[in-house]
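These are the residues of each chain, in order.
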Amino acid sequence: MAKVSLLGIPHDENSSYLRGPAEAPPLIRRELASDAYTSWSETGFDLTDRFVDYGDIDFTQPGDPWQRIESEVGRALDAGHPLISLGGDHAISWPVLRAVRKRHPNLTIVHVDAHPDIYHSYGDNPRSHTSPFARIMEEQLADRLIQIGLRTVNDHHREQFARFGVEAVEMRHFNEGLRLNLETPVYISMDLDALDPAFAPGISHREPGGFTTRQVIGLIQSIDQRIVAADVVEYNPRQDLSNVTALVAAKLVKEIAGMMLKTNGAG
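Residues numbered from 1 in each chain as written. Predicted model: local features only at pLDDT ≥ 70, side-chain atom pairs only at ≥ 80, totals over all residues. Heavy atoms only, no water.

Enquirer: Before we go on, may I ask you to explain the overall build of the chain in this structure?
Expert: For the chain, the count of helices and strands is 7 helices and 8 strands. If one aligns the C-alpha atoms of the chain with their principal axes, the spans along those axes are about 45 × 45 × 40 Å. Per-residue burial over the chain gives 57% buried out of 267 residues. Contacts in the chain between residues at least 24 apart in sequence constitute 78% of all its contacts with a sequence separation of at least 6. Of the charged side chains in the chain, 26 are positive and 37 negative, and the gap between their average positions amounts to 3 Å. (Helix = DSSP H or I, 4+ residues; strand = E, 2+ residues; numbered from the N terminus. Buried < 20%, exposed > 50% of the residue type's maximum accessible area, 1.4 Å probe, protein only. Contact = heavy atoms within 4.5 Å. Lys, Arg positive; Asp, Glu negative; His and termini not counted. Charge placed at Lys NZ, Arg CZ, Asp CG, Glu CD.)

Enquirer: What should I look at first to understand the packing of helix H2 (residues 65-77) against helix H3 (residues 93-103) in this one?
Expert: Think of two packed helices as two axes; the pair is described by the angle between the axes and how far apart they sit. Axis separation between H2 and H3 bottoms out at 8 Å; the angle between their running directions is 40 degrees. As far as their axial angle goes, H3 and H2 are oblique. The interaxial crossing formed by H2 with H3 has right-handed handedness. Every residue of H3 that contacts H2 at Trp66, Ile69, Glu70, Val73, Gly74 and Leu77 is listed here: Trp94, Pro95, Val96, Arg98, Ala99, Val100, Lys102 and Arg103. For the contact of H2 with H3, a count of residues per class yields 9 nonpolar, 1 polar and 4 charged. (Axes fitted to C-alpha atoms, helices over the stretch in contact; angles between N-to-C directions. Parallel < 35°, antiparallel > 145°, perpendicular 65-115°, else oblique. Left-handed = near helix turned anticlockwise from the far one by under 90°. Nonpolar A, V, L, I, M, F, W, Y, C, P; charged D, E, K, R; others polar.)

Enquirer: Help me understand the sheet that holds strand S7 (residues 186-191) in this model?
Expert: As a general point, the strands of a sheet are linked pairwise by backbone hydrogen bonds and lie either parallel or antiparallel. Taken together, 8 strands build an open sheet; the order of strands is S2-S1-S3-S8-S7-S4-S5-S6 and the sheet is parallel. The outermost strands of the open sheet, each flanked by one partner alone, are strand S2 (51-56) and strand S6 (167-170). The mean inter-strand angle of the sheet, taken between neighbouring strand axes irrespective of direction, is 15 degrees. Helix-sheet contacts for H2 involve strand S1 (4-9), S2, strand S3 (83-87) and strand S8 (227-233), and the interaxial angle to S1 is about 165 degrees. (Pairing = 2+ DSSP bridges.)

Enquirer: Would you take a moment to explain the packing of aromatic side chains for this structure?
Expert: Two numbers describe a pair of aromatic rings. These are the distance of the centres and the angle of the planes. Counted under the stated rule, the structure contains 3 aromatic pairs. Measuring from centroid to centroid gives 5.3 Å for Tyr119 and Tyr122, while their planes differ by 55 degrees, and the two rings are tilted. Judged by centre distance (4.9 Å) and plane angle (85 degrees), the rings of Phe174 and Phe211 are edge-to-face. Of this pair, Phe174 sits in the loop between S6 and S7 while Phe211 sits in the loop between S7 and helix H6 (213-221); the two residues are 37 residues apart in sequence, bridging distant segments of the chain. (Phe/Tyr/Trp six-rings, centres within 6.5 Å; stacked < 30°, edge-to-face > 60°.)

Structure below.
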């Protein structure tokens with residue numbers, strides 16, 4: 001039976017405003033395992049016994065956390081299943097994609113976010129959670145970067161878009177039924193602040209005017225190429241209300257997992 005790997009990456013030391021996303025992985029897992037909700041994805045897969053959970057990376061040991069992330073992600077990918085990483089802040093996408101790119105020489109990133117996260121540097125920190133996609137594109141860790149849902153774009157971001165050839169879909173231009181014309185395997189980077197804070201209040205940087213949960217699910221379900229890896233990041237439990245955002249994160253994990261199984265030809 002085809003599986004989907006899970007790996008928790010409880011790291012938020014590069015957050016620019018609030019701590020808290022490091023606490024997210026176990027709370028997302030709790031919702032995934034809750035008897036209150038169905039174990040089926042909308043695409044028709046019962047996810048009971050479909051997850052191979054590698055637990056959370058231990059960052060208490062000495063050493064560079066980026067090397068540990070890349071190593072642990074690589075170990076999970078080498079098992080042969082698509083992988084969903086549970087962040088953590090968005091900074092983790094950089095070392096995750098280092099490992100993914102080594103195993104997938106053709107790759108498109110579909111990045112769903114309120115923010116481009118492509119600053120050259122922020123607060124003199126090149127590892128800032130506002131900068132991972134600058135590093136990712138500098139290292140040529142993807143052939144295409146498509147950013148969807150943006151609503152905080154400034155002049156520097158536009159310069160970076162031009163520099164790296166980013167395909168940016170600002171939220172003000174988003175339409176239902178958006179066609180991405182994908183041609184390679186896909187990595188989904190799902191920042192929960194892409195959703196309007198009415199649907200996902202448990203985030204550090206609330207930006208009104210975002211997606212509904214239904215719109216994000218529709219976007220995920222529209223992907224017609226193999227989804228080989230993904231991250232779900234920036235859930236901040238300290239900001240959540242009645243566990244709503246943990247539930248939304250778990251729902252998105254289930255729908256990404258269902259689409260991974262579908263696009264990878266699972267029965």
